[in-house]
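Examination of the molecular architecture
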Amino acid sequence: MNLVHTPNANRLHIALFGKRNSGKSSLINALTGQDTALVSDTPGTTTDSVQKAMEIHGIGPCLFIDTPGFDDEGELGNRRIERTWKAVEKTDIALLLCAGGGSAEETGEPDFTEELHWLEQLKAKNIPTILLINKADIRKNTASLAIRIKETFGSQPIPVSAKEKTGVELIRQAILEKLPEDFDQQSITGSLVTEGDLVLLVMPQDIQAPKGRLILPQVQTMRELLDKKCLIMSCTTDKLQETLQALSRPPKLIITDSQVFKTVYEQKPEESRLTSFSVLFAGYKGDIRYYVKSASAIGSLTESSRVLIAEACTHAPLSEDIGRVKLPHLLRKRIGEKLSIDIVAGTDFPQDLTPYSLVIHCGACMFNRKYVLSRIERARLQNVPMTNYGVAIAFLNGILNQIEY
């Protein structure tokens, strides 16, 4: 039997941070119960973030991330540290290994300067952090080190041994205590529907959804509607009228692909509310109100403006691609053919957004919410408006005020 596993984007992201050779890779192997990360006594063995998806009793689906050491050196080391910073943006909960300079020695005062710096950065991004002392099985100064860490950081560390697998249960309990309050409260459809409501899904099957497959937002939305005990009907755009005629009552809500917003809006019953998968995911993964507010920036664009379109997933450009073909076409049709549009995919998101008059992000079904919110915060701090595919398309079609979110 083939099981559909929880997408990584919907898992709690738990990242391990620490100096080189502090035992991060050994610890992640102990936490996951598998040889997830390569272990070596040579500092700098972990050259890129290593991820492992698993289920933890009481917590649910998790994604552990083993990061390169934040004390790396040289040109290659700086590139590794950049990867570690990228991991921070996705992190829901951080495990910070406190080694300190000379902490593996029996004598000498440990130096926690680098750990303190990273803890400050994690706190600035509101990331709950659990302090750990690894290699407790071979240290002779674990107790005194724990006292020093509590005095320095103001928080009691957990002594652990990846080799002996001691302290692992304490880490699990600490993670439970640090869980974000709203982690399990996020909903795709929110309060738009309740039990017994009839919901119609309009799902064009184009080149981006090959034969035999549905795209992830469609699958996740359908599953949530089933959990809410809604009544679900689905159709393709060309069968919309036939489907509406076959129903005994108008749908409470119609969820469509953003590309056919205008078509569906013109055919829907007056009493049926309308939204799109992309708009729903804008609220599920990001800040929908900020997206809606930012959409007004489209009205101020000129042919000398520069727009950034950001896709979460990386793929070869397709002839019907919404981000690379259809959305640019709609923008240039309204603004002018000389409008400058840059496109990035995956984690290739610029640190400096100031050259842009507007950022338009996809629904981000492949990213976790923490990562999307970090991008939104970057745009806010740089005073660059940022919106979403579905919201932008609704604005361009003149129906944004008629869309539910």
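Data block above holds the structure.
A brief structural summary. Throughout, a residue's number is its position along its own chain's written sequence, starting from 1. For this predicted model, a pLDDT threshold of at least 70 governs which residues receive local features, and a threshold of 80 or more governs which side-chain atom pairs are given and counted, while totals over whole chains, interfaces and linings are taken from all residues. Neither water nor hydrogens contribute to the side-chain values; these are computed over all heavy atoms in the structure.

**Examining the packing of aromatic side chains**
- Aromatic pairs are defined between Phe, Tyr and Trp rings, using the six-membered ring for Trp, whenever the two ring centres lie within 6.5 Å; interplanar angles under 30 degrees are classed as stacked, those over 60 as edge-to-face, and all others as tilted. Per the counting criterion, the structure on display carries 6 aromatic pairs.
- Seen from their ring centres, phenylalanine 281 and tyrosine 284 are 5.5 Å apart, and the 85° between their planes marks the pair as edge-to-face. With phenylalanine 281 and tyrosine 284 both in helix H9 (residues 277-285) and 3 residues apart, the pair spans about one turn of that helix.
- Relative accessibility thresholds used throughout: buried, under 20% of the residue-type maximum; exposed, over 50%; partly exposed, between the two (1.4 Å probe, protein chains only). In this structure tyrosine 284 comes out as buried when scored by relative accessible area, which is 13%.
- Ring pairs connect the aromatic residues Phe17, Phe70, Trp85 and Trp118, which therefore count as one cluster. Put simply, DSSP marks the helices as runs of H or I at least four residues long and the strands as runs of E at least two long, and each gets a number from the N terminus on.

**Quick word on the pattern of salt bridges**
- Criterion for a salt bridge: a side-chain nitrogen of Lys or Arg within 4 Å of a carboxyl oxygen of Asp or Glu. Evaluated as defined, the whole model comprises 12 salt bridges.
- Two residues, lysine 19 and glutamate 114, come together in a salt bridge whose shortest N-O distance is 3.5 Å. Placement of lysine 19 in the loop between strand E1 (12-17) and helix H1 (24-32) and of glutamate 114 in helix H3 (residues 113-124) is noted, with a sequence separation of 95 residues between them.

**Re the sheet that holds strand E7 (residues 198-202)**
- Strands pair, by our definition, only if DSSP identifies at least two bridges between them. What the 4 strands build is an open sheet, ordered E8-E7-E9-E10; its pairing is parallel. Edge positions in the sheet fall to strand E8 (231-235) and strand E10 (273-276), since each has one partner strand and no second. Taking each pair of neighbouring strands and ignoring which way they run, the sheet shows an average axis angle of 20°.
- By the bridge criterion, 5 bridges tie E7 to E8 in an arrangement that is parallel. By the bridge assignment for E8, leucine 198 is matched with leucine 231. Between N-to-C directions, angles span 0 to 180 degrees; the directions come from axes that are lines fitted to C-alpha atoms, helices contributing only their stretch in contact.

**Description of the nonpolar core**
- To form a nonpolar core, buried Ala, Val, Leu, Ile, Met, Phe, Trp, Tyr and Cys residues must be joined to one another through side-chain atoms within 4.5 Å. In this structure, Phe261, Val307, Leu327, Leu331 and Ile360 are the most contacted members of the largest nonpolar core, which totals 57 residues.
- The dominant element in this core, judged by the number of residues it contributes, is helix H13 (residues 389-396), at 6 residues.
- Both of domain 2 (196-278) and domain 3 (287-400) provide at least three residues apiece to this core.
- Residues are treated as being in contact if the distance between any of their heavy atoms lies within 4.5 Å. Not counting the four nearest positions on each side in its chain, valine 307 is found in contact with Leu301, Leu331, Leu339, Ser340, Ile341, Asp342, Tyr356, Leu358 and Ile360.
- Residues Leu16, Leu27, Met54 and Leu95 belong to the second largest nonpolar core, which totals 23 residues. Those domain boundaries reflect an automatic or database domain assignment.

**Some points on H13**
- Most of H13 is tucked away, with 7 of its 8 residues classed as buried.
- Of all the positions in H13, only Tyr389, Gly390, Val391, Ala392, Ile393, Ala394 and Leu396 are classed as buried.
- Pairs of N or O atoms within 3.5 Å make up the polar contacts considered here, provided that, within protein, one atom can donate a hydrogen while the other can accept it, and that residues adjacent in sequence are counted only when both atoms are side-chain atoms. Near the N-terminus of H13, the side chain that reaches the backbone nitrogen of glycine 390, with its oxygen 2.8 Å away, is that of asparagine 388.
- Glycine 398 lies just past H13 and shows a positive phi near 75°.

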